Amino acid sequence: MAAPKLDQIDLKILDAVQRDGRITKLALADKVGLSPTPCWMRLRKLEKAGIVCGYHARVAMRAVAPVATVLMEVTLASHRQADFDRFERVIRDVPEIVACWSVGGGVDYLLKVMARDIDAYQRLVDALLEREIGIDRYFTYIVTKTVKEEVALPVADLLPVST
């Protein structure tokens, strides 16, 4: 399926709603230089196309409770499609695993895990190993400081350059 054509106003709308999902219809229209109704129609079009796929609040978890953020590299013992499917099915159901990427290179997956503390993380890993979901090796990287964690994607910068 071909990517929909986005113009500069669409890109401004995407940037604005990523930065403020609660922006009012009037403020959004003002920010992108349209009147409210056409602006809102464009936003609805972007939603229907699946380009805007939700609105979320960011929670400052460390303000709620202490938390350990851990990045985990995983290599599976076997590389058949059924092995990948089994691993991914289990990972999707573990709430502490907040992100999982299948990657190329020396490992199969990179996971972002949020746990109460390192002991809770290790108990989670032990439980995953006991489930025999194909983990051959894993490496743990404890996040000591978040340097950057951007939630607004640079949509305009990632589009192909038109000639």
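Note that this is a predicted model, so its numbers are computed, not measured. (Residues numbered from 1 in each chain as written. Predicted model: local features only at pLDDT ≥ 70, side-chain atom pairs only at ≥ 80, totals over all residues. Heavy atoms only, no water.)

Draft legend 1. A look at the layout of surface pockets. When its volume is computed, the largest pocket comes out at roughly 1,200 Å³. Lining the largest pocket are 32 residues, with His 56, Ala 57, Arg 58, Glu 150 and Val 151 positioned closest to its centre. If you list the elements that add at least two residues to the lining of the largest pocket, you get α1 (8–19), α4 (61–64) and β3 (109–115). Broken down by element, the lining of the largest pocket gets its largest block of residues, four residues, from α1. Here the residues of the lining of the largest pocket sort into 16 nonpolar, six polar and ten charged. Mapping the lining of the largest pocket onto the domain boundaries places at least three of its residues in each of domain 1 (8–57) and domain 2 (61–142). (1 Å grid on protein atoms, 1.4 Å probe; cavity = no way out; pocket = protein on both sides within 12 Å on 5 of 7 lines; lining within 4 Å. Points joined across faces, edges and corners; volume = space filled by probe spheres on them. Helix = DSSP H or I, 4+ residues; strand = E, 2+ residues; numbered from the N terminus. Nonpolar A, V, L, I, M, F, W, Y, C, P; charged D, E, K, R; others polar. Domains from an automatic or database assignment.)

Draft legend 2. A look at the side chain of Asp 108. Counting through the fold element by element, Asp 108 comes out in the loop between β2 (97–102) and β3. With no salt bridge to any partner, buried Asp 108 finds its closest opposite charge in Arg 137, at an N-O distance of 7.4 Å. Each residue touching Asp 108, except ones within four places of it in the same chain, is listed here: Val 74, Thr 75, Leu 76, His 79, Phe 84, Trp 101, Ser 102 and Val 103. (Buried < 20%, exposed > 50% of the residue type's maximum accessible area, 1.4 Å probe, protein only. Lys, Arg positive; Asp, Glu negative; His and termini not counted. Salt bridge = Lys/Arg side-chain N within 4 Å of Asp/Glu carboxyl O. Contact = heavy atoms within 4.5 Å.)

Draft legend 3. Spotlight on the nonpolar core. Ranked by internal contacts, the top residues of the largest apolar core, which has 21 residues, are Val 74, Phe 87, Ile 97, Leu 111 and Leu 128. Contributions of two or more residues to this core are made by β1 (68–76), α5 (81–92), β3 and α6 (118–130). Of the residues forming this core, the biggest block, five residues, is contributed by α6. The residues touching Val 74, leaving out its near neighbours within four places in the chain, are Phe 87, Val 107, Asp 108, Tyr 109, Leu 111, Ile 135, Arg 137 and Tyr 138. (Core = buried A, V, L, I, M, F, W, Y, C linked by side-chain atoms within 4.5 Å.)

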